[in-house]
Amino acid sequence: MTDTSLAARGVALDLLRDVLRKSVPFDDAFDAHPELAALQPRDRGFVRLLVATVLRRLGQIDEMIQASLAKPGLPKAAIHDMLRLGTAQLVFLNTPAHAAVDTAVELAAARNAAPYKGLINAVLRRIGREGAEMAARQDAGRLNTPDWLWLSWRSAYGTARTRGIVEAHLHEAPLDITVKSDPAGWAERLGATLLPTGSLRRPTGGSVTELPGFEDGEWWIQDLAASLPAKLFGDLAGKRVFDLCAAPGGKTAQLVVRGAQVTAIDRSARRLERVTENLKRLHLEADVLAADATTWEPEEPADAVLLDAPCSATGAIRRHPDILRVKTPDDIAKLARAQSRLLARSVELVKPGGTLIYCTCSIQPEEGEMQVARLLEQDRRVERWPVTADELGGLSEPINEAGEVRSLPGMLADLGGIDGFFVARLRRRPD
């Protein structure tokens, strides 16, 4: 094994520890690792793919390891993680068996775990022989889904729809792009598919920054589902819009392109730096303000407010499989309380007769439908403004009976799928 190969797997081992035992979000752990910058781009890509695969397939991987041990009971955490990395390579990444096994054994030696080299060798060699057959027998979607999420989704959506959700999570999401103009032309230039809503879709892979139009600021990365809320305001030309919890800024950019005068607000000054950077690359202008939306007092209310509330992000597991491992039911309850405060405050920030759009990238009803139902019950100044399929390019599947957008992984399979998202369009009644 080369020094760079050993270093890459060492970084992967550290990242797995940070996510699984310290509950650090994968992207944060990845960006903060001190040895990552020294790796070649190809090795950095391998590290990301390897760790994401372990997180996505963790239930399957652990069942294989348990079945391959001579004695019941799992080894200590660091050894277990080495076996997880080896198993992911053998079964899901098509790494040659000798390379996956040898690198795992050498990693054990490099990490002061030489007494476990024999165990690692024996377990991984067995998985190398039998892993594909093991995987074929597994209920992959169910095994990789924590019980509390499975039960939550089954209660909300039924068993069949939940099956669709967890099966979608087994696959990485495609790359979706929002363009400033001429979507058909950019679809041709980027080798992308033009979706009914105007988004462009490409397979993942390659360097995004080297694609045509990136440096010129003609487009930005944004999932199909995340692109929908800003499309639902109607005519925004010259109107004042508050974009609350705005980072990383994709929706801010959409609002500006549609002619709005946008104030982008986020409580995190650090996260707002990314909004500013994105707007600069896109040659767009908006007022960017670090403030707590629940206490911020503007000079006057806006014509429209977009609240993309902080949430559990359980709708984005295709892109961020660490969510399966770091989120808990307590997180949902805590976030739901914050969302309720933000939503109530948003009503005060929009003019009578104005539009309020509330959205989250969560598929937990507590963070979506239940929030809106509670608001409508408690505040008679607000009414629903139902969304129609025509506004989504003719897509009717993600629209629920109340006229809200409720997309779920597993929907729009013929188009390549969609992230889970909730969008409610509300109108503040005229005084």
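- For the protein, an unreviewed UniProt entry supplies the name MFS transporter and the organism Azospirillum melinis.
- We quote the UniProt Sequence similarities (unreviewed entry) comment for the protein here in full: "Belongs to the class I-like SAM-binding methyltransferase superfamily. RsmB/NOP family."

1. Considerations on the nonpolar core
Thought 1: Counting 48 residues, the largest nonpolar core has Trp 153, Leu 232, Phe 233, Leu 255, Leu 392, Val 405 and Val 423 as the members making the most contacts within it.
Thought 2: Listed by contribution, the elements that provide at least two residues to this core are α9 (147-168), α11 (250-257), α12 (269-282), β8 (302-308), α13 (323-326), β9 (350-360), β12 (409-412) and β13 (421-428).
Thought 3: In contact with Leu 255, not counting residues within four places along its chain, are Ala 230, Phe 233, Leu 236, Val 241, Asp 243, Ala 260, Val 262 and Leu 306.

2. A few points about the packing of aromatic side chains
Thought 1: Summed over all chains, the structure comprises four aromatic pairs.
Thought 2: Ring centres of Phe 26 and Phe 30 lie 5.9 Å apart, and the angle between their planes is 70°; this geometry places the pair in the edge-to-face category. Of this pair, Phe 26 and Phe 30 are both found in helix α2 (residues 26-32), four residues apart, which corresponds to roughly one turn of the helix. Of the two residues, Phe 26 and Phe 30, both sit in the buried class.
Thought 3: In this structure, Arg 189 packs its charged tip against the face of Trp 186, placed 4.1 Å from the ring centre.
Thought 4: Of note, Arg 281 hangs over the ring of Phe 214, and the distance from its end group to the ring centre comes to 3.9 Å.

3. Observations concerning the pattern of salt bridges
Thought 1: Scanning all chains against the criterion turns up 30 salt bridges.
Thought 2: Asp 176 is paired through a salt bridge with Arg 319; the nearest N and O atoms lie 4.0 Å apart. Of the two residues, Asp 176 sits in strand β1 (residues 175-179) while Arg 319 sits in the loop between β8 and α13, which places them 143 residues apart along the sequence.

4. Some remarks on the packing of helix α4 (residues 58-68) against helix α7 (residues 117-137)
Thought 1: Two elements in contact, α4 and α7, have axes whose closest approach is 10 Å; the angle formed by their N-to-C orientations is 125°. By the angle class used here, α4 and α7 are oblique. The handedness of the crossing between α4 and α7 is right-handed. Along its contact with α4, which presents Gln 60, Met 64, Ile 65, Ala 67 and Ser 68, the element α7 presents Val 123, Arg 126, Ile 127, Gly 131, Met 134 and Ala 135.
Thought 2: Partitioning the contact of α4 with α7 into residue classes produces seven nonpolar, three polar and one charged.

5. A look at helix α15 (residues 369-378)
Thought 1: Buried within α15 we find Glu 369, Gln 371, Val 372, Leu 375 and Leu 376. Mapping the buried residues of α15 onto a view down its axis gives an arc of 165°, with all of them on the same face. In α15, the exposed residues that point more than 90 degrees away from the buried face are Glu 377 and Gln 378.

6. So, the environment of Thr 87
Thought 1: Inspection of the secondary structure puts Thr 87 in helix α5 (residues 77-92).
Thought 2: Separated by 57 residues in sequence, Thr 87 and Asn 144 have C-alpha atoms that sit 15 Å apart.
Thought 3: Beyond its immediate sequence surroundings of up to four residues, Thr 87 is in contact with Ile 61, Met 64, Ile 65, Phe 92, Leu 124 and Ile 127.

7. Quick look at the UniProt feature "active site" (unreviewed entry) in the protein
Thought 1: Under the present numbering, the feature "active site" (unreviewed entry) in UniProt falls on Cys 361.
Thought 2: With respect to the secondary-structure elements, Cys 361 resides in the loop between β9 and α15.
Thought 3: Apart from the residues within four sequence positions on either side, Cys 361 is in contact with Cys 311, Ala 313, Thr 314, Gly 315, Ala 316, Gly 420 and Phe 421.

Each value, and the rule that gives it
Residues numbered from 1 in each chain as written. Predicted model: local features only at pLDDT ≥ 70, side-chain atom pairs only at ≥ 80, totals over all residues. Heavy atoms only, no water. UniProt positions renumbered as here; feature names shortened; annotations may be inferred. Core = buried A, V, L, I, M, F, W, Y, C linked by side-chain atoms within 4.5 Å. Buried < 20%, exposed > 50% of the residue type's maximum accessible area, 1.4 Å probe, protein only. Helix = DSSP H or I, 4+ residues; strand = E, 2+ residues; numbered from the N terminus. Contact = heavy atoms within 4.5 Å. Phe/Tyr/Trp six-rings, centres within 6.5 Å; stacked < 30°, edge-to-face > 60°. Lys NZ or Arg CZ within 6 Å of the ring centre and 35° of its normal. Salt bridge = Lys/Arg side-chain N within 4 Å of Asp/Glu carboxyl O. Axes fitted to C-alpha atoms, helices over the stretch in contact; angles between N-to-C directions. Parallel < 35°, antiparallel > 145°, perpendicular 65-115°, else oblique. Left-handed = near helix turned anticlockwise from the far one by under 90°. Nonpolar A, V, L, I, M, F, W, Y, C, P; charged D, E, K, R; others polar. Arc of directions from axis to C-beta.

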